[in-house]
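Examination of the molecular architecture
Listed below are the residues making up each chain.
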Amino acid sequence: MDAPATPLLRTKLRAPAPRPGAVARPRLAARVAGDDAAALTLVSAPAGFGKTTLVADALAGRPGVAWLSLDPRDDDPATFWRYVVAALETVRPGAGDGARALLDSSRPSSEVLVASLLNALDAPGDEVVLVLDDYHTVASPEIHDAVGMLVERRPPGVRLVITTRADPPLPLAALRARGALAELRASDLRFTADEAAAYLTGTMGLALGAGDVAALGERTEGWIAALQLAALSMRGRDDPSAFVADFAGDDRFVLDYLAGEVLERQPDDVRGFLLRTSILARLTGPLCDAVTGGGGGAAMLARLERANLFLVPLDDRRRWYRYHHLFADVLQVRLLDELPGEVAALHRRAGAWAEAAGDLPEAIRHALAAGDAGRAAALVERAAPAMRRARREATLGRWIDALPAELLRTRPVLATALVGTRMATGRFDGVAALLDAVEQRLAGPPEALVADDEEELRLLPAQVAIFRAALALVAGEGAATLGHAARALELAGPADHLPRGSAAALAGLAHWAAGDLVPAHERYAEAIGHLERAGHVSDALGCSLALADIQTAQGRLGAALATLEAGLAMAAPHGAIRGVADMHTGIAEVLVARGDPAGAAGRLTAAEALGEHAGLPQHPYRSRVAAARLRELEGDHAAALALLEEAGRRFDTDFSPVVRPVPAIAARVRLRAGDLAGAARWARERGLGTDEEPADATEYERVTLARLLVRRGDEGALPLVARLLAAAERGGREGTVVELLALRALAELAGGDERAARASLEEALVRAEPEGWARPILDAGPGVADILRAIAAAGRAREPARRVLAALTAEDRRPPAAAGPAEGLSEREREVLRLLGSDLSGPDIARELVVSLNTLRTHTKHIYAKLGVTSRRAAVRRAAELDL
C-alpha cells in the first residue's frame, strides 16, 4: 500500500456537533446506541433522511466512539485504513501503532492489517464503537472485504456503526441470521407526524396549522430533507397553506437537491431507466420491460432497491414497487425536459400492458396522458359498469371530464355515464340537456352511434328514464318521480336487474319523502333484491340503510337491525366494499335507541376500523352524528357539539330525504345540556312556529321545537305535541309516537295534571316495550323520573317502567364530565349574558329581567368568574368564542 500524499484531516475524525433545535428522536437513538449485541448497526437510507444527525446525536457524549466521516477520496485502501487507525486512536491511544507501522513500511495484505488492529483492540478497556459515516462513498472491493473481516472477527466490546445511502457488499444476510445486525432504514427514519410538526413549527418557526403540517408530512412521506426544503421555500410567504397545497417535486429546491444529490450521480443505464419508468404509478419487472423496450427490469428494480434510490416496495415478495412521490415528480420533470419526444410512446406502451393485464383504470390514465382521447373513451366505456358497482363515480367523472366534449356527442353510453357521475356527486347543472341530447341521438340512425359496450347501449332508454326520475326527485316532484320510475320499469326487461332496482329505489325515495312509509318500504325491499342480483352490492347496501331508516321511523327497531345485519352478510364475500361501514353505523344508531351505548360504541369502532373508503356518501356525516350521541351520553356535551359541527360540514344524504337535520340534532344536545337559549336560537333561525300544520318532512324539527317548549313550560307545548302525535299516528311512525307520548306526559305534569301525565307515560312505556325503545323516553326531560316514581309509588310500575327508572337513576349517578364555562352558567346567567351583548345599560337590563340592580350585579359577577374575564366587553367576546 502507498503512503498518503497529504496529511490526515483531523476534522473527519470528529462527529458533527448537535444542530440547534434538532428534533429529538429517542426511539431511534436507543436503537443506535443501545444494541450492544449487534456487531454492526447499519443505518441505510436515501439522501436526506437524517442518518448522520441521528447517529451523532445518539452517540453524543458516549465514551469510546471513534468517528470517521468518509468521502470519495478515501476509496483507496491505504488512505481508508490510515483514517480508521487515526479514528480508533482517538479512543484507544496506541491501538493503531502496529497497523500504522505496517502501512508505513510495507504493502500489507488486508488480512494482515485487520488482524493487527483486532489484536490491538482485544485488550481490556472501554467499549469501542467505530462509526463509518457515508460508507457509500467506498467502492473498493478490497476495503469491503477487510471491513467484513473486521465485523466478523471483532473482539468483545467492539462494534461498528455504518451510515450509507446504499447497502454495502458486506455479509449482511449472515449477520442478520445470527442476530448480529441491527438495521434502521428509510421506513424507520422518516419523520412521524409529531416529529414533522415539531420540526416545522418548532425548529423552523413556521405558523402552520395542523392540517398543513399533516398535508406536508403526507406529501413528503416523512422525508426529512424534503420537509427542510419545503420549509425554506415557505419562508416569507404570505399564504403557507397555498404553498403546501401545491408543493410537489417541481419545487426548485427539491428539484435541485434530488438532481444534484441523486440523479446526476447515477450511471447512464440507471438514469435512463429511472426517467422512462417515472410515468408508472407502480412498477414491476415485466411492466418496466414493456415501457423501456428492454429487458432485465426486475433485476434493475432490485438494484435500485439495494441502492436506496427512493424505491418503495409494495409487497413482501418484492414484485411491485413505487417511487417516492417527490422523487417521481422530479423524474417526470426531467423526463419532459430531456426526452420529450418519448413521453407519449412510453405512456402508450404502459397503457397497452395495463389493458392486457386487465387494469383498465391504469390503461385509461396512460391513454389520457398520451393524448389518445379516442382510445381513452373506449376504455372508459368498458370500465364504467365496474366503476359504478364500486361507487367510484367521482373517478369515473374525472375521466369523462378529461375527454373532448365532441366525443360525448357520438357516444351516448359515455354521455349517460357522465350524467350518472354528476348526479352521484350532486352536480345537476346541464344534466337535463345531456339527457335530451342522448335521447335525440338514440332516435337517430343507429350507424351514427359509437358504443363499445352494446349491452349498455341497449339499456340506455331505461337508464335515461331513471335519471329523469332522479332529477324530478331532486326537484321535489314526487308524482313525476314515480312516473319516470314506472316508465323505466316498462322499458327494462324482467332480467334487467340494475335498472329495475334503481327505478324501485327512486320510487321508494319518492314515497318516503311524501311520508308514505309502507309503499316506501315495499319499493326498497324490491330494490335490494334486484341490485344484489345485478352485482351492485354497494348500491344494495345503500338501499339497506334507507330501508332500516324507514323501519326505524315505523318503530320497528328489530326489523331495522335484521336489515342491517343482512346487509353485512350480503357484503361478507366482497370484503370491505363501500357500504359495509354504513351497516355498522346504522346498527350503532339502533343500539343507541335501545339504550345500549356500549354495543353502539363497538359498532362504531368496527366502522372506523374499516376506514371511510368503506362508507357510502352518507357515512362521513352519519358516523359523526352517531359518535356525538355517544359523547353526549357520556356527559361530554362540548365534544358532542364539536362532532356535530364537523358532521354538518360533511353532510350528504345521497338522495335520501333529510329526515334528521344536523342543526336540529345539535339543538337537542343543547337542550339536554340545559342550554335552552341555544336551542331557542336554533328555533328562531329556522323560523319554526307552533301554528303551522305538521308536515312529515319537518317532523324531526317540530318535535325538537316541542321538546324546547315542554322544557320551558310554554303553554303552547301541549297543543303542538297533540297535533304532532296525531300526525305520527296517522303516518305509522311509532318511534315518534313513543317520543311524543313521553313529551305529552311532561307537558301534562307541568300543567298540574299528574294523573294524565302518568297515563301518557304508561302508554309510552307499553308501546316502547315490544321493540325495546329507550332513548325517546330517557331523553324526554328531567320530569320523566318524577312521573315514574309516582307510578311506582302507586304500585302500578310494570317491568318496563322499572327498567327505565333504573336507567335514569344510573345516569343521574354518573360522574359529570368536566364542565366548561358553558355548562357552568345557569339559565338566568345565560339570559344576563345575552343582554350584556346588547346596547342596554345595566339598569335597563335589570328592568328587562325584572330584577334589582344589585341582583343583576351579582349575576354579572358570577358570569365574569365563570368565564374568567373582568369586563362586560370581554364577557361578550368570550361568549361569542364559546358560541353561547
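Quick summary incoming for the structure in this document. (Residues numbered from 1 in each chain as written. Predicted model: local features only at pLDDT ≥ 70, side-chain atom pairs only at ≥ 80, totals over all residues. Heavy atoms only, no water.)

1. Brief notes about the overall build of the chain
Just so we agree on the cut-off: Under the scheme used here, helices are H or I runs from DSSP no shorter than 4 residues and strands are E runs no shorter than 2 residues, and both carry numbers assigned from the N terminus. The cut-offs for exposure are 20% and 50% of the maximum accessible area for each residue type, with area from a 1.4 Å probe on protein chains only; residues under the lower value are buried, those over the upper are exposed, and the others partly exposed. Contact criterion: two residues are considered in contact whenever any of their non-hydrogen atoms come within 4.5 Å of each other. Only the protein chains shown count as cover for residues, with accessible areas throughout obtained via the Shrake-Rupley method and a probe of 1.4 Å. Residues scored as charged are limited to Lys and Arg (positive) and Asp and Glu (negative), so that His and the chain ends carry no count. For this purpose, a charge sits on NZ of Lys, CZ of Arg, CG of Asp or CD of Glu.
The helix and strand tally for the chain stands at 49 helices and seven strands. Its C-alpha atoms give the chain principal-axis dimensions of roughly 115 × 85 × 55 Å. A total of 884 residues make up the chain; the buried ones form 51% of that total. Relative to all contacts within the chain whose residues are 6 or more apart in sequence, the contacts with residues 24 or more apart total 68%. By element, 53% of the accessible surface of the chain is carried by carbon and sulfur atoms, the whole surface being about 38,500 Å². The positive charge centre, built from 105 side chains, and the negative charge centre, built from 119, are 3 Å apart in the chain.

2. Quick word on the environment of M204
With respect to the helices, strands and loops of the structure, M204 is situated in the loop between α9 (193–203) and α10 (210–220). For the pair formed by M204 and A747, sequence separation is 543 residues and the distance between their alpha carbons is 61 Å. When sequence neighbours within four positions are dropped, the list of residues in contact with M204 reads Y199, A231, L232 and R235.

3. Regarding the sheet that holds strand β4 (residues 158–164)
The condition that has to hold: When DSSP locates at least two bridges between a pair of strands, those strands are taken to pair. Axes here refer to lines fitted to C-alpha atoms; in helices the fit is confined to the stretch in contact. Angles between the N-to-C directions go from 0 to 180 degrees.
Spatially, β2-β3-β4-β1-β5 is the arrangement adopted by the five strands of the open sheet, whose pairing is parallel. At either end of the open sheet lies a strand with only one pairing partner, and these are β2 (65–69) and β5 (181–185). When the angles between neighbouring strand axes are averaged without regard to direction, this sheet yields 15 degrees. Relative to β4, strand β1 (residues 40–44) is paired through five bridges, and the arrangement is parallel. For V43, the partnering residue across the bridge sits in β4 and is T163. On top of the sheet, helix α1 (residues 26–34) reaches β1, β4 and β5; it is set at about 150 degrees to β5, its chief contact.

4. Observations concerning the nonpolar core
The line we're drawing: Nonpolar cores are built from buried Ala, Val, Leu, Ile, Met, Phe, Trp, Tyr and Cys residues. Side-chain atoms within 4.5 Å join them into one set.
In terms of nonpolar packing, the biggest core is built from 147 residues, with Y524, L761 and I777 touching the most fellow members. With 75 residues, the next largest nonpolar core counts A33, V65, M234 and F327 among its residues.

5. Some points on the packing of aromatic side chains
As a reminder of what qualifies: In this scheme Phe, Tyr and Trp rings, the latter by its six-membered ring, pair at centre separations within 6.5 Å, and the angle between planes marks the pair as stacked below 30 degrees, edge-to-face above 60, and tilted otherwise.
This model, assessed by the stated rule, comprises nine aromatic pairs. Consider the rings of F191 and Y199, whose centres lie 6.0 Å apart with planes at 50 degrees: the pair is tilted. An identical accessibility class is assigned to F191 and Y199; each is buried. A centroid spacing of 6.3 Å and a plane angle of 65 degrees characterise the contact between W320 and W353, whose relative ring orientation is edge-to-face. Of this pair, W320 sits in the loop between β6 (311–313) and β7 (321–323) while W353 is found in helix α18 (residues 343–356), placing the two residues 33 residues apart along the sequence. In this structure W320 comes out as buried when scored by relative accessible area, which is 18%.

6. Focus: the pairing of β1
In terms of burial, β1 is largely enclosed, as five of its five residues are buried. Residue alternation in β1 divides its side chains into two sets, L40, L42 and S44 and T41 and V43, and both sets are buried. Relative to β5, β1 runs parallel, the two sharing five bridges. Along β5, the bridge assignment pairs T41 with A182.

7. Describing the packing of helix α33 (residues 597–610) against helix α34 (residues 619–633)
The following threshold applies: Crossing handedness is read from the near helix: turned anticlockwise from the far helix by less than a right angle, it gives a left-handed crossing, and turned clockwise, a right-handed one. By the convention adopted, Pro, Cys, Tyr, Trp, Phe, Met, Ile, Leu, Val and Ala count as nonpolar, Lys, Arg, Asp and Glu as charged, and the other residues, Gly among them, as polar.
Look at α33 against α34: their axes get within 11 Å of each other, and the N-to-C directions meet at 145 degrees. Considering how the two elements wind past one another, α33 and α34 form a crossing that is left-handed. Residues P597, A600, A601, L604 and A607 of α33 lie in contact with α34, whose contacting residues are H619, S623, A626, A627, L630 and L633. Along the lines of polarity and charge, the residues of the contact of α33 with α34 split into nine nonpolar, two polar and no charged.

8. Re helix α26 (residues 460–474)
Rules: By this rule, a helix spans an expected 1.5 Å times one less than how many residues it contains.
Look at α26: 21 Å from first C-alpha to last across 15 residues, which is about the 21 Å you get at 1.5 Å a residue. Just downstream of α26, G476 is the residue with a positive phi angle, here 80 degrees.

9. Observations concerning unusual backbone geometry
Both trends apply: most residues other than glycine have a negative phi, and most peptide bonds are in trans. Non-glycine residue E221 carries a positive phi angle of around 55 degrees. Relative to the helices and strands, E221 is located in the loop between α10 and α11 (224–234). Here E221 falls in the buried class, since its relative accessible area comes to 11%.

10. Considerations on the packing of helix α39 (residues 717–731) against helix α40 (residues 734–750)
Which entries qualify depends on this criterion: Here the angle decides the label: under 35 degrees means roughly parallel, over 145 means roughly antiparallel, 65 to 115 means roughly perpendicular, and every other value means oblique.
Viewed as axis vectors pointing N to C, α39 and α40 meet at an angle of 160 degrees, and their least axial separation amounts to 9 Å. Considering their axes alone, α39 and α40 lie roughly antiparallel with respect to each other. When the axes of α39 and α40 are compared, the crossing they make is left-handed. The residues of α40 that touch α39, namely those facing L718, V721, L724, L725, A728 and E729, are T736, V737, L740, L741, L743, R744, A747 and E748.

11. Comments concerning the pattern of salt bridges
Rules: Counted as salt bridges are all cases of a side-chain nitrogen of Lys or Arg within 4 Å of a carboxyl oxygen of Asp or Glu.
Tallied over the entire structure, the rule returns 62 salt bridges. Put simply, E127 and R62 hold a salt bridge, and the shortest N to O gap is 2.6 Å. In this pair, E127 is assigned in the loop between α5 (110–121) and β3 (128–133) and R62 in the loop between α2 (51–59) and β2, connecting sequence segments 65 residues apart. Residue R62 is classed as partly exposed on the basis of its relative accessible area of 24%.

12. Some details on the pairing of β4
Our working definition: Crossover handedness is defined here as right-handed if the route from the first strand over the helix to the second strand goes clockwise, with the strands pointing away from the viewer.
Counting buried positions along β4 gives seven out of seven residues, so the element sits mostly inside the fold. A two-sided burial pattern is seen for β4, the buried positions comprising V158, L160, I162 and T164 on one face and R159, V161 and T163 on the other. Relative to β4, β3 runs parallel, the two being bridged by five bridges. Note on β4: the bridge partner recorded for V131 is V161. The handedness of the β3 to β4 crossover, carried by helix α6 (residues 141–152), is right-handed.

13. Brief notes about the environment of G678
Positionally, G678 belongs in helix α37 (residues 676–686). On the basis of relative accessible area, G678 is assigned to the buried category, the value being 3%. Measuring from C-alpha to C-alpha, the distance between G678 and A667 comes to 7.0 Å, with eleven residues separating the pair along the chain.

14. Focus on the side chain of R411
Keep this limit in mind: Two N or O atoms count as a polar contact when they lie within 3.5 Å, although within protein this holds only if one can serve as hydrogen donor and the other as acceptor, and sequence-adjacent residues are included solely when both atoms are side-chain atoms.
Along the chain, R411 turns up in the loop between α22 (405–410) and α23 (412–424). Here the side chain of R411 touches E381 through a polar contact of 2.8 Å, side chain to side chain. Ignoring sequence-local partners within four residues, the contact set of R411 consists of G374, A377, A378, E381, V450, A451 and D452.

15. Some words on the environment of G296
Within the element layout of this structure, G296 appears in the loop between α15 (285–292) and α16 (297–306). Judged by its relative accessible area of 44%, G296 is partly exposed. Separated by eleven residues in the primary sequence, G296 and G285 place their C-alpha atoms 7.2 Å from one another.

16. Regarding the side chain of R25
Within the secondary structure layout, R25 lies in the segment before α1. Classification of R25 by relative accessible area gives buried; the value is 10%. A polar contact is formed between the side chain of R25 and the side chain of E195, at a distance of 3.1 Å. Not counting chain neighbours up to four residues away, the residues in contact with R25 comprise F49, D188, L189, R190, F191, E195 and I224.

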